[in-house]
Amino acid sequence: MKKILVIIPAYNEEENIGELLDRLEAYEKRDLFDILVVDDGSKDRTAEIVREKGILVLSQIFNMG
């Protein structure tokens, strides 16, 4: 477990989340932090894309704003 947690809130970010996660994974100091995506009840593939990348995702069952 790392000492820094990067929390990324997401809602219907299917078009952008993959590129963002790729950039974070490629960051030269990536070994310093963990990533958690909080999916706020997206109706698209946001959570699925995050899981496919091997990143931890917490999915709300509906949008909480």
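Here, every reference points to the structure presented above.
The structure contained in this document is the topic of the report that follows. (Residues numbered from 1 in each chain as written. Predicted model: local features only at pLDDT ≥ 70, side-chain atom pairs only at ≥ 80, totals over all residues. Heavy atoms only, no water.)

**A few points about the overall build of the chain**
The secondary structure content of the chain amounts to two helices and three strands. Mapped from its N terminus to its C terminus, the chain presents α and β elements in the order β-α-β-α-β. For the chain, the C-alpha radius of gyration of 12 Å lies close to 11 Å, the compact-globule estimate for 65 residues. For the chain, the C-alpha atoms occupy an extent of roughly 35 × 20 × 15 Å along the three principal directions. In the chain, which comprises 65 residues, the proportion classed as buried is 32%. Intrachain contacts of the chain at a sequence separation of at least 6 include 57% that bridge at least 24 residues. Once the 9 positive and 14 negative side-chain charges of the chain are each reduced to a mean point, those two points are 6 Å apart. (Helix = DSSP H or I, 4+ residues; strand = E, 2+ residues; numbered from the N terminus. Rg over C-alpha atoms; globule rule 2.2 N^0.38 Å. Buried < 20%, exposed > 50% of the residue type's maximum accessible area, 1.4 Å probe, protein only. Contact = heavy atoms within 4.5 Å. Lys, Arg positive; Asp, Glu negative; His and termini not counted. Charge placed at Lys NZ, Arg CZ, Asp CG, Glu CD.)

**Overview of unusual backbone geometry**
With a phi close to 50°, Asn12 is a non-glycine residue in the positive phi region. Examined against the element boundaries, Asn12 turns out to sit in the loop between β1 (4-10) and α1 (17-26). Residue Asn12 is classed as partly exposed on the basis of its relative accessible area, which comes to 33%.

**Topic: the side chain of Ser42**
One can find Ser42 in the loop between β2 (33-39) and α2 (46-52). Side chain to side chain, Ser42 and Asp39 meet in a polar contact 2.4 Å long. If sequence neighbours within four positions are ignored, Ser42 has contacts with Ala10, Tyr11 and Asn12. (Polar contact = N/O pair within 3.5 Å; in protein donor to acceptor, adjacent residues only side chain to side chain.)

**Observations concerning the pattern of salt bridges**
Summed over the entire model, instances satisfying the criterion amount to six salt bridges. As a salt-bridge pair, Arg23 and Glu19 come within 2.9 Å of each other at their nearest N and O atoms. Note that Arg23 and Glu19 are positioned in helix α1 at a spacing of four residues, about one turn of the helix. Residues Glu52 and Arg45 are paired through a salt bridge, measuring 3.3 Å at the closest nitrogen-oxygen approach. You can call Glu52 exposed: its relative accessible area is 54%. Taken together, the shared-partner salt bridges connect Arg45, Glu48 and Glu52 into one network. (Salt bridge = Lys/Arg side-chain N within 4 Å of Asp/Glu carboxyl O.)

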